[in-house]
Amino acid sequence: AQHAVARGARIYGELVATAASTVGRAPGRDHVRIATKNILQTILEQNPESSTQDIHLHAAGRGDKGSDLSESLAINDVFGESPTLPVVAAKSYFGNLGAGAAAIEIAASCLA
């Protein structure tokens, strides 16, 4: 952010944490919910001073009922019922761009 300020750039947002989690599929295991919960908890651990007012959550939002439900349940697991944080899912507007999706979704989050 300091370099952007120094050159007079407009700052739309700052990426302050990232996380990844892979959970294998197994009968009776909601691997999407567990992985999403792991990611959210890791991000909160990296930023313990953050409150839900500081968070903008960009969901994967693949657009299929199973994974979208699992993702929503994981958000509730971590933040409680009816969290007061914004959640967006840009993929629902432009589809899955594969390897380019992350960059587009970061831009969409900053603009949101």
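Predicted model, so just to flag it, every value in this text is computed and none were measured.

Draft legend 1. Structural context of a nonpolar patch on the surface. A surface patch of nonpolar side chains, amounting to about 430 Å² of accessible area, comprises Tyr93, Phe94, Leu97 and Ile104. Topologically, tyrosine 93 is positioned in helix α4 (residues 91-94). The class for tyrosine 93 is exposed, based on a relative accessible area of 76%.

Draft legend 2. Highlighting helix α5 (residues 101-111). Listed as buried for α5 are Ala101, Glu105 and Ser109. Take α5 and look down its axis: the buried residues cluster within an arc of 65°, on one side only. Residues of α5 that are exposed and angled more than 90 degrees away from the buried face: Ala103 and Leu111. The inward-facing, buried residues of α5 abut β1 (57-58), β2 (87-88) and α4.

Draft legend 3. Just the pattern of salt bridges, in detail. Under the defined criterion, the tally for this structure stands at three salt bridges. The salt bridge partner of arginine 33 is aspartate 77, with a shortest N-O separation of 2.7 Å. Highlighted residues: arginine 33 in helix α2 (residues 31-46) and aspartate 77 in helix α3 (residues 65-79), separated in sequence by 44 residues. On the basis of relative accessible area, aspartate 77 is assigned to the partly exposed category, the value being 33%. Its salt-bridge partner being lysine 91, residue glutamate 105 comes within 3.0 Å of it at the nearest N-O pair. Of this pair, glutamate 105 sits in helix α5 while lysine 91 sits in helix α4, and the two are 14 residues apart along the sequence. The class for glutamate 105 is buried, based on a relative accessible area of 11%. Lysine 91 sits in the buried class, given a relative accessible area of 14%.

Rules behind the numbers
- Residues numbered from 1 in each chain as written.
- Predicted model: local features only at pLDDT ≥ 70, side-chain atom pairs only at ≥ 80, totals over all residues.
- Heavy atoms only, no water.
- Patch = residues over 30% accessible without salt bridge, like charges linked within 9 Å, V, L, I, M, F, W, Y side chains within 5 Å.
- Areas by Shrake-Rupley, 256 points an atom, 1.4 Å probe, with all protein chains shown as cover.
- Salt bridge = Lys/Arg side-chain N within 4 Å of Asp/Glu carboxyl O.
- Helix = DSSP H or I, 4+ residues; strand = E, 2+ residues; numbered from the N terminus.
- Buried < 20%, exposed > 50% of the residue type's maximum accessible area, 1.4 Å probe, protein only.
- Arc of directions from axis to C-beta.
- Contact = heavy atoms within 4.5 Å.

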